[in-house]
Structure formats: structure tokens, C-alpha cells
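Descriptive structure summary
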Amino acid sequence: MMNLTQITNGEIDELISLIRHNYGYDFGDYARASFQRRVLRCMDQAGIRSFFDLKYELTNDQTFFNWFLQNLTVNVTEMFRDPMFYKSLRTTIIPILASYPTIKIWHAGCATGEEVLSMAILLQEAGLLERSRLYGTDLNPANLERARQGIVPMQYMKDYTYNYIQSGGKNDFSTYYTARYDHAIFNKELRRNIVFSQHNLVTDQVFNEFQLVCCRNVLIYFNRQLQNQVCRLLTDSLAPLGYLAIGMKESLIFTDVRQQFDVTDSVCRIYRRKT
Amino acid sequence: MAPFDIIAIGGSAGSIPIVSELLEALPSTFQYAVIIVLHRLRNVYSEMNRVLTTSDKGTYVHEPDDKEVIQPNSIYLAPQNYHLLIEADRCFSLDYSELVNYSRPSIDVTFESLASVYGSRVLAVLLSGANDDGALGMEAILSNGGQAIVQDPATAAYAAMPRAALERNPTALVLSPDGIIKFLSITT
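The written sequence of each chain sets the order in which its residues are numbered from 1. Throughout, the order in which chains and ligands are written sets their labels, letters from A for the former and numbers from 1 for the latter. In keeping with the model being predicted, local features are shown solely for residues with a pLDDT of at least 70 and side-chain atom pairs are shown and tallied solely at 80 or more, while totals for entire chains, interfaces and linings include all residues. Note: side-chain values were computed over all heavy atoms of the structure, leaving out hydrogens and water.

The contact criterion used throughout is that any non-hydrogen atoms of two residues lie within 4.5 Å. With 31 residues of chain B in contact, the opposing surface of chain A contributes 34 residues. Buried surface at the junction of chain B and chain A, summed over both partners, amounts to about 2600 Å²; 46% is from carbon and sulfur atoms. For salt bridges, the criterion is a side-chain nitrogen of Lys or Arg within 4 Å of an Asp or Glu carboxyl oxygen. Ionic pairing is found between R41 of chain A and E98 of chain B, a salt bridge with its closest N-O pair at 3.6 Å. For this analysis, a polar contact is any N or O atom pair within 3.5 Å, provided that within protein one partner can donate a hydrogen and the other can accept it, and provided that sequence-adjacent residues contribute only side-chain to side-chain pairs. For the pair chain B and chain A, the interface holds 16 residue pairs in polar contact (both at pLDDT 80 or more). Mapped onto the side of chain B that touches chain A, the elements with two or more residues apiece are β5 (83-86), β6 (92-95), α3 (107-118) and α4 (135-143) of chain B. Asp, Glu, Lys and Arg are counted as charged, while Ala, Val, Leu, Ile, Met, Phe, Trp, Tyr, Cys and Pro are counted as nonpolar; the rest, among them Gly, fall into the polar class. Of the residues assigned to the side of chain B that touches chain A, the class counts are 15 nonpolar, six polar and ten charged. Simply put, the buried area is the total loss of 1.4 Å probe accessible area from both parts when two parts are fitted together. Helix and strand assignments come from DSSP, with helices taken as H or I runs of at least 4 residues and strands as E runs of at least 2, each series counted from the N terminus.

So, about the domain arrangement of chain A. All names here are of chain A. Boundaries of every domain are those given by an automatic assignment or by a domain database. One can read the domain layout of chain A as domain 1 (9-72) and domain 2 (83-151 + 188-273). The C-alpha-based centres of domain 1 and domain 2 are spaced at 28 Å. Every contact between the two is made by eight residues of domain 1 and, on the other side, 14 residues of domain 2. Buried area between domain 1 and domain 2, summed over both chains or domains, comes out near 990 Å², and the portion from carbon and sulfur atoms is 50%. The largest share of the area that domain 1 buries against domain 2 comes from D29, Y30 and Q70, three residues that together contribute 53% of it. Between the two partners, domain 1 and domain 2, sit zero salt bridges. On the surface where domain 1 and domain 2 come into contact, there are six residue pairs in polar contact (both at pLDDT 80 or more).

Before going further, it helps to examine the packing of helix α3 (residues 51-60) of chain A against helix α4 (residues 62-72) of chain A. For any two helices packed against each other, the geometry comes down to the angle between their axes and how far apart the axes lie. All names here are of chain A. Between the N-to-C directions of two axes lies an angle of 0 to 180 degrees, each axis being a line fitted to C-alpha atoms and, for a helix, fitted only over the stretch in contact. Between α3 and α4, whose axes approach to 6 Å, the crossing angle comes to 110 degrees. Our classification of the angle between α3 and α4 gives roughly perpendicular. Within the contact between the two elements, α3 uses L54, E57, L58 and N60 and α4 uses Q62, F64, F65 and F68. Within the contact of α3 with α4, the residues separate by chemical class into five nonpolar, two polar and one charged. For classification, angles of less than 35 degrees are called roughly parallel, those exceeding 145 degrees roughly antiparallel, those between 65 and 115 degrees roughly perpendicular, and all remaining angles oblique.

All names here are of chain A. Within the fold, E125 resides in helix α6 (residues 114-125). Buried means the residue's accessible area, taken with a 1.4 Å probe over protein chains only, is under 20% of the maximum for its type, while exposed means over 50%, and partly exposed covers the values in between. Using a relative accessible area of 27% as the deciding quantity, one classes E125 as partly exposed. In this structure, the C-alpha to C-alpha distance between E125 and T137, residues twelve residues apart in sequence, is 23 Å. Ignoring anything within four residues of it in the chain, the contact list for E125 reads R90, Y164, G169, N171 and Y176.

Here it is as C-alpha cells:
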């Protein structure tokens, strides 16, 4: 990335307040280091040389803002990222979820939905997909549009197949999708109990009660204060004895909710709400 | 007072044996933090931090969690499959965005972030590797007043990375692995 365009901390503040005022998205408590990097990356991609030009475009061009929002947030995701996490779900968590008449799972900040699809595969293989409801939410409408299509670029399928096998998958992974040109379309039956909808972890509230909430590698983009606030929202969205899964390098240590959880898997960062 | 708050070591193919030697050579009383960024496989369970930890000298290598505060006299290894950034209040921030130079963690990303937070208080060390990651980051560190050492390409198992860094940063100090070890062993 170009590191020659510089942008000051004060300009970042100004940008955040412009976006909040004009469009209602609040990036004030996002982690500054990565947020600043994203802003510079967007400017570089759009060929915008100065902060003034950036403000001008954001103020006057809604289409540009939509593009900016899509690229400002990190939308990278993988199927079966951290295979040992999925293995832990298979062996430890899913057998317990099986005791519920209806299993409700929330993927908070799901980007383009690859982790939701991975979960659907686990539930299918455990014979539980029929009575499961999976909710994938993201603040970014373009991500959700892609997620609903169930389409994944073919170039990643080799990695995903490897991850799937490492996670303890026993089937032929290719039975879950149809290859079309350079894309893989995941089977409709797999996606029948998934709902994708817009939800902003910073400004929106609890909308249901879940047995499992997955919010992996989302908290890293927030500062400590916002991490704390979001963790409270995630905790309030869990049924008693429900599970919370965060990224393998994320931690509840800095949050107020840490005492409300028992550690189920310390390596894979799976926690169980006490009551 | 120590001349640096941070020594950042970037390495790729062919660098791991040298990183081990450098860590062993650190004086036990060093007051800076060491941050190591290595190109590693993703989605493979890795115990690289244990590989680099030498029990006899107590050089404990730790993969930080997100938002962990950087402490002096500590050695950190960038976790696999994340970029490692540094916040203004001197804690780590992890980032799972697109690969940079085909890499995550990318050395450029960490070096650039260190340059903006630590200014002249950073020493960057770039070792053997097969792509050009680290060259831009080293430029950022030098232009913010920090210092830089590049492994002599003639001594590197893969010369492309040190060579690219030198092309971009001709003022960086060029040293053999032994030279780097000597430099670090007298820096507390």
C-alpha cells in the first residue's frame, strides 16, 4: 500500500463525524490503526489524493459513499477458518446444542457469509440443520447481498476443502456445491434455514435469543470501550448456558462480561454463559 | 536509556534459524520490546512461538492477543493469519484484512504502523526472504527517524527480500547474521 498519502488523527476525527452526521454510521470507537489504514487504502484505490477531496466526494456523492463504506470495513472471511475451532464445535458444542428443540445461532458481523455456510454444513452433518435457524448479520448491505447468493469464488475452494477436512469433515466437500465457471454455488438445501439481515453492532440492539453466538474477528476492529459495549450486547443475546465464540486472538479479559462466562475451550476461545 | 523502544524483525523463507540465533543473543536485561513478523502458513496449527522460545535462557516468545499492551523486555511474534498493527496507546491491534504482498501477517503493515507510533524509537531488521515485503515499511521507519538493518543478501538463503529492501533503502545498515547478533548483543 502507498504510505505516502498521510492523514492526521484530527482529519480522521473529522471524517468520522462527517460520516456520522450525513449517513448515520458511527466509526468513532473503531480501532484507529486499522481504520486509518482502511481510509488510506480507499483513497489509494479511488485515486483520491487529498483529505479535502475525500470530504468533498463523501459529502456530495451517495454512490461514492456506498463504495467507500463497502471498502472501509474489512469483509475478508473464509470457510472453516481455524479448522480446530470447527472441530471443537463438532465434538463439544454441537452435541449439547442437539438437546434443544430449536437451535438458534447468530453470526454477528458475518461479512459475505462463509462462516454461516460452514456452520450449516456442521449442522447438516450432525442431522440438526432441519431444526436450526441461522442468522447472519452485517452492517454492510453489499455483503449481505452476496451472502444470500451462496456463491464463493472457485479459486478459494482448494483451501476451503483442506480446512473442511482438517475440521473433521468426512464427506466429499464438493457434494455441497455446484461449480459454475469460476464460482461455486452452495446447495439451496444447505441455505434454507439461514437468514441474512442488516444489523449494526455499534448502534442496534438485541433482536433475538440464541444458543450460540459467533462473533469471530470482528471485535479486533473496535477499541476497548466499544469491545466492551458489543460484548454486553452479545451476552444479552445469549440464552442462559448459551455459548459465545470469538476469534482465537480475541479476549474477554478487558470486558465487564468476563465474569458472566465459564471458559469452555481456552484455545479456540469458546465461552459459556453462566446463567 | 535504551536507544530503541522497539526492535522489529521481519523474515520470510530462510530466516527462522537466524531469528532463533538473534533471540538467543539478546542481553537478558534488554529494555525494549522485540516484535517478530514471519511469513507463515495459514490455517495450520503452529507452535512457532515455542520453536523460538529457548527455555535455558528464558527468552519467552509470546503471540499477543488483540489490544494487549506492549511491555518492555518482551518478545512478541505476530499471530498467523492476522496483520499486526500498533495503536497510539502502544497496544497491539490485529487485523484480518486482505493479504499484502501475498502475506498476512505482512512485514510492511507492521513496520508502517510502528513508524507512525514510535518514530525514531524503532530499529527494523529485515532478514532472508523470497518476496519484497518489508521494503516499503522500512522506508516508513527510516523517514520517521528510525533505524534499519538489512541482512547482507550474500549471506541470505533467499536474497530477494533483503535486496528489494536495500534497493529502496540504500541508507540501511547492511550486516551479516553475525554482525546483526553483535549489534543486538550490545544494545540493551
